[in-house]
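Here is what each chain is made of, one letter per residue.
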Amino acid sequence: MIFSSKAPKNYFSHDELSCRHCKESKIDMDFVSKLNWARHIAAVPFVVTSAYRCPEHNKSLGAADTSSHVKGIGIDLFPRDNHHRFRMLSALLTVGFKRIRIYSEKGHIHIDEDADKGMEILVIDRSKPIEE
Ligand SMILES: [Zn+2]
């Protein structure tokens, strides 16, 4: 797959991808590379609301211990509007992401590559974006 090669640009800062509570970052770099490709193709901002979470922070949010965020293979993005969400979703599918959840409350997009949880899913969910 062509999107396994290095993306033409890095669009994400260390801070954006690290734990919001302790700044630790154990995010998977292949995952980040794929996200960079999606961001490149989408050509709209990917606002990160949650990426890597240390186990302690994840627990404080009430999220499951098996969260893909703790494994460094999950991220939540916040589209500014419906058009941006379309561009993001289209690009995420183009580069081969196979697990996507859209939170209907605020429209966040959760993406992960957690093979333990089944592949090729698109979920629309009303619950808060902390469960994965
Ligand atoms: Zn932390």
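Residues numbered from 1 in each chain as written. Predicted model: local features only at pLDDT ≥ 70, side-chain atom pairs only at ≥ 80, totals over all residues.

### Details of the environment of Ala38
(1) Moving on: Examined against the element boundaries, Ala38 turns out to sit in helix 2 (residues 29-42).
(2) Moving on: Accessibility expressed as a C-beta count within 10 Å gives 26 for Ala38, which makes it buried.
(3) Moving on: For the pair Ala38 and Leu93, spaced 55 residues apart in sequence, the C-alpha separation works out to 8.3 Å.
(4) Moving on: The contacts of Ala38, once residues within four sequence positions are left out, are Ala91, Leu92 and Val95. (Helix = DSSP H or I, 4+ residues; strand = E, 2+ residues; numbered from the N terminus. Buried ≥ 20, exposed ≤ 12 C-beta atoms within 10 Å, placed from the backbone. Contact = placed C-beta atoms within 7 Å.)

### A word on the nonpolar core
(1) Moving on: Among the nonpolar cores identified, the biggest contains 23 residues, and Ile27, Ala38, Met88, Ala91, Leu92 and Val95 are the most heavily contacted of them.
(2) Moving on: Where this core is concerned, the elements lending two or more residues are helix 2, strand 2 (74-78), helix 5 (82-94) and strand 4 (109-112).
(3) Moving on: Per-element tally for this core: the top contributor is helix 2, with six residues.
(4) Moving on: In this view, Val95 contacts Phe3, Lys34, Trp37, Ala38 and Ile41; residues no more than four positions away in its chain are not counted. (Core = buried A, V, L, I, M, F, W, Y, C linked by C-beta atoms within 7 Å.)

### Overview of helix 2
(1) Moving on: Helix length check: helix 2 (14 residues) gives 20 Å between terminal C-alpha atoms against 20 Å at 1.5 Å per residue, within 8%.
(2) Moving on: Listed as buried for helix 2 are Phe31, Val32, Lys34, Leu35, Asn36, Trp37, Ala38, Arg39 and Ala42.
(3) Moving on: Contact partners of the buried residues in helix 2: helix 1 (14-17), strand 2 and helix 5.
(4) Moving on: At the exit of helix 2 stands Ala43, carrying a positive phi of roughly 55 degrees. (Expected span 1.5 Å × (residues − 1).)

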